Amino acid sequence: MTSSLPRQRDQDEVLRRRHWWQRLSLGPGGAPPARSALGLRRVLAVFGLVFCGAIAGVFASRDQPAAAAVLALLALVAIVDLAVIQRRLHQRSHARRPPPPPPRL
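Residue indices follow the written sequence of each chain, beginning from 1 at its first position. It should be noted that, the model being predicted, local features are given only for residues of pLDDT at least 70 and side-chain atom pairs only at 80 or more, the latter also being counted only at that level, while totals for whole chains, interfaces and linings use all residues. To obtain the side-chain values, all non-hydrogen atoms of the structure were used and water was disregarded.

Considerations on the overall build of the protein chain
A run of DSSP states H or I qualifies as a helix once it reaches four residues; a run of E qualifies as a strand once it reaches two. Both are numbered from the N-terminal end. From N to C terminus, the protein chain includes four helices and zero strands. Going from the N terminus to the C terminus, the protein chain shows its helices and strands as α-α-α-α. When a residue's accessible area, from a 1.4 Å probe over protein chains only, is under 20% of the maximum for its type it is buried; when over 50% it is exposed; and in between it is partly exposed. Taking all 105 residues of the protein chain together, the buried fraction comes to 11%. Surface summary for the protein chain: the accessible area is close to 9,200 Å², and the carbon and sulfur share equals 64%. Under the convention used here, a 1.4 Å probe and the Shrake-Rupley method define accessible areas, while residue burial counts only the protein chains that appear.

What to know about the packing of aromatic side chains
What describes a pair of aromatic rings is the distance from one ring centre to the other and the angle between the planes of the rings. Centre distance within 6.5 Å is the pairing criterion for rings of Phe, Tyr and Trp, where only the six-membered ring of Trp is used; planes under 30 degrees apart are then read as stacked, over 60 as edge-to-face, and the remainder as tilted. Within the structure shown, the criterion is met by one aromatic pair. Pairing Phe-47 with Phe-51 gives two aromatic rings, centres 5.8 Å apart and planes at 15°, and the pair type is stacked. In this pair, Phe-47 and Phe-51 are both assigned in helix α3 (residues 38-61), four residues apart and thus about one turn of the helix distant. Residue Phe-47 is classed as exposed on the basis of its relative accessible area of 55%. Take Phe-51: its relative accessible area is 43%, and that puts it in the partly exposed class.

Overview of α3
How far a helix is expected to stretch is found by multiplying one less than its residue total by 1.5 Å. Across its 24 residues, α3 extends 34 Å between first and last C-alpha, which sits within 8% of the 34 Å expected from 1.5 Å per residue. Of the residues making up α3, those classed as buried are Leu-38, Ala-45, Gly-48, Cys-52 and Ala-56. Asp-63 sits one or two positions beyond α3 and adopts a positive phi of about 60°.

Here we look at unusual backbone geometry
Although it is not a glycine, Asp-63 sits at a positive phi angle of roughly 60°. As for its placement among the helices and strands, Asp-63 is situated in the loop between α3 and α4 (65-96).

So, a nonpolar patch on the surface
A cluster of nonpolar residues, Leu-73, Leu-76, Val-77, Ile-79, Val-80 and Val-84, forms a patch on the protein surface that exposes about 510 Å² of accessible area. In this structure, Leu-73 sits in helix α4. We classify Leu-73 as exposed; its relative accessible area is 53%. A residue counts toward a patch only above 30% relative accessible area and without a salt bridge, and it is joined to like-charged neighbours within 9 Å or, for Val, Leu, Ile, Met, Phe, Trp and Tyr, to nonpolar neighbours within 5 Å. By salt bridge we mean one thing: a side-chain nitrogen of Lys or Arg within 4 Å of a carboxyl oxygen of Asp or Glu.

Structural notes on the confidence of the model for the protein chain
Caution is warranted with low-pLDDT regions, since their predicted coordinates should not be read in detail. Values of pLDDT, ranging from 0 to 100, describe the predictor's confidence in every residue of the model. Confidence in the prediction of the protein chain, expressed as mean pLDDT, is 81, and 64% of residues score 70 or more. When pLDDT is averaged over each helix and strand of the protein chain, the minimum, 58, is found for helix α1 (residues 11-17) and the maximum, 96, for α3.

Encoded structure:
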């Protein structure tokens, strides 16, 4: 005797079983909410670093030290942000790896 396959749930049934706050968090078409966009954040931090560094150099060459200092401080903030992004990407890559197998004796 063969066993019957379990009934497949459709998307509407799955959505009805969720709480109201879980239904609100779904994206278009029932997609899960997006995770952090670290790639875009990295691009923006690199752009900020290059732009602020270049403009700080321009202001420093024109003898405007206050503006150069403000832009150099913003470039430093971009460097710190890049370090945080790199740390989070490193943690994410290590979290996905399966644990190593136990040694054979």
